[in-house]
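Summary of structural features
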Amino acid sequence: MAAPASVPADSRSRQAVRDVVFVDGVRTPFGKAGSKGQYAQTRADDMVVKVIRELLRRHPELPAERIDEVAIAATTQIGDQGLTIGRSAALLAGLPKSVPGFAIDRMCAGAMTAVTTVSSGIAFGAYDVAIAGGVEHMGNHPMGEGIDPNPRFVSDKVVDPSALIMGSTAENLHDRFPTLTKKRTDAYAALSQQRYDEALRAGKITPDLVAVSTRSKRGWGLATADEPPRPGTTVEALSGLRTPFRPHGRVTPGNAAGLNDGATGCLLADADTAAELGLPVGMRLVGYAFAGVEPEVMGVGPVPATERALQRAGLTIDDIGLFEINEAFAVQVLAFLEHFGIADDDPRVNPWGGAIACGHPLASSGVRLMIQLSRHFAEHPEVRYGITTMCIGFGMGGTVIWENPNYNAGGAR
């Protein structure tokens, strides 16, 4: 069908899909939520400001006025996480007032969705450069604060009542897949702690952290490291932890991510603009997909999301050489690995540990996965493709496929 006469041919040609690249990303250290956590008296929007300023400090080749959009996610968009935080944080960070911003919410996949949303805009030609990220201050805003679930969810049996309690959905996943035993989840959790500790000692984690000034009853301080990790964790120690979501259950504070505070952010650009400005390229976006599943087993969401993303990209799971899987619960990761025939301790999966060790400040975590995958790509030119994937509250999953710009065709993957 011919285009309408009112649309010039050159306008149609300008709408060709452009390559989108992940330039760089940073995050705050993640803290423990609550009055004793390092961010107890720190505002969520101030954490986002630190991330934005650090991205610009690390990339003086990028004029601030060239940023076309700032998309920041938060699951609980009230208080210091409200007021259209993408716009308010951009102003507080000192970006030109001509730079717009917005807020976004897809629960745990907020930052991931911020990335895919602005990436789509870049691919279409609406933006050349954008900042995407997320923040969650679970100490100031506990999970579920201010929500009012429609009673019809339960009365009309739209969802099982357990769908509203994330820990219960993890217990349901154990029920659904009996081979995913507590012994396996505890072993996976201990491995996550071990891998994180090894990466930290090797200097892999700290370079991506931006220090944050903090305040407490003791005075001013500086957050420079993640609070949640428990180095030296053993399977034996994990085996005796309580199961708060079900008597004699399998989900414990040791094989699940904790309640955390933190912020993340990244720079995205189209490939030509990155080359023009001299911006580095950490990854190239290949494709992405989101999928819905039964809310009461939301942890299985990454499986159909990954299958959909792979199908659309013309790839298979065998093409993927690195996996960054968010560890909301160990059982959720194992469900993914078992479905695709991947060993629980496969070295391609979360090589530097995951959220069970470093923390999961809900809407911010998607970009943490991307930052780490980008660093893995730099160290593994033999790997061409990697994925970042996560389960999402209320029955969803999200997966993004990335390509390694350092890929050496002579490598193994």
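Residues numbered from 1 in each chain as written. Predicted model: local features only at pLDDT ≥ 70, side-chain atom pairs only at ≥ 80, totals over all residues. Heavy atoms only, no water.

Right, let's get into the overall build of the protein chain. Tallying secondary structure elements over the protein chain gives 13 helices and 12 strands in all. Against the compact-globule benchmark of 22 Å for 413 residues, the protein chain has a radius of gyration of 21 Å, which places it among compact chains. For the C-alpha atoms alone, the extent of the protein chain along its principal axes is close to 65 × 55 × 50 Å. With 413 residues in all, the protein chain has 55% of them scored as buried. Within the protein chain, contacts between residues separated by at least 24 positions form 79% of all contacts whose residues are at least 6 apart in sequence. Summing over all exposed atoms, the protein chain offers an accessible surface of approximately 17000 Å²; the carbon and sulfur share of this is 54%. Charged side chains of the protein chain number 39 positive and 45 negative; the gap between the two group centres comes to 4 Å. (Helix = DSSP H or I, 4+ residues; strand = E, 2+ residues; numbered from the N terminus. Rg over C-alpha atoms; globule rule 2.2 N^0.38 Å. Buried < 20%, exposed > 50% of the residue type's maximum accessible area, 1.4 Å probe, protein only. Contact = heavy atoms within 4.5 Å. Areas by Shrake-Rupley, 256 points an atom, 1.4 Å probe, with all protein chains shown as cover. Lys, Arg positive; Asp, Glu negative; His and termini not counted. Charge placed at Lys NZ, Arg CZ, Asp CG, Glu CD.)

Bringing the side chain of Asn326 into the picture now. You can see Asn326 is positioned in the loop between β10 (320–325) and α11 (330–339). Polar contacts involving the side chain of Asn326 include one to the side chain of His360, which spans 3.4 Å. (Polar contact = N/O pair within 3.5 Å; in protein donor to acceptor, adjacent residues only side chain to side chain.)

What follows covers the state of the cysteines. A complete count under the given rule lists zero disulfides for this structure. For the unlinked cysteine Cys266, the closest cysteine sulfur is that of Cys358, found at 16 Å. As a non-bridged cysteine, Cys358 has Cys108 as the owner of its nearest cysteine sulfur, 13 Å distant. (Disulfide = S-S within 2.5 Å.)

Per the UniProt record, the feature "domain: Thiolase C-terminal" (unreviewed entry) sits at residues 284–403. Its end C-alpha atoms 5 Å apart, residues 284–403 is made of 34% helix and 26% strand. (UniProt positions renumbered as here; feature names shortened; annotations may be inferred.)

Attention now goes to the UniProt feature "active site" (unreviewed entry) in the protein chain. The UniProt entry lists Cys108, His360 and Cys391 under the feature "active site" (unreviewed entry), expressed in the numbering used here. Taking the farthest pair of C-alpha atoms as the criterion, the annotated set spanning 284 residues converges on one region, since that pair is 12.0 Å apart. Relative to the helices and strands, Cys108 is located in the loop between β4 (101–104) and α4 (110–124). In this structure, Cys108 is in contact with Thr75, His360, Leu362, Ala363, Met390, Cys391 and Ile392, ignoring residues within four places of it in sequence. Within the fold, His360 resides in the loop between α12 (355–358) and α13 (365–379). In contact with His360, other than residues within four places in its own chain, are Cys108, Met138, Ala257, Gly258, Asn260, Asn326, Ala328, Ala355, Ser365 and Met390.

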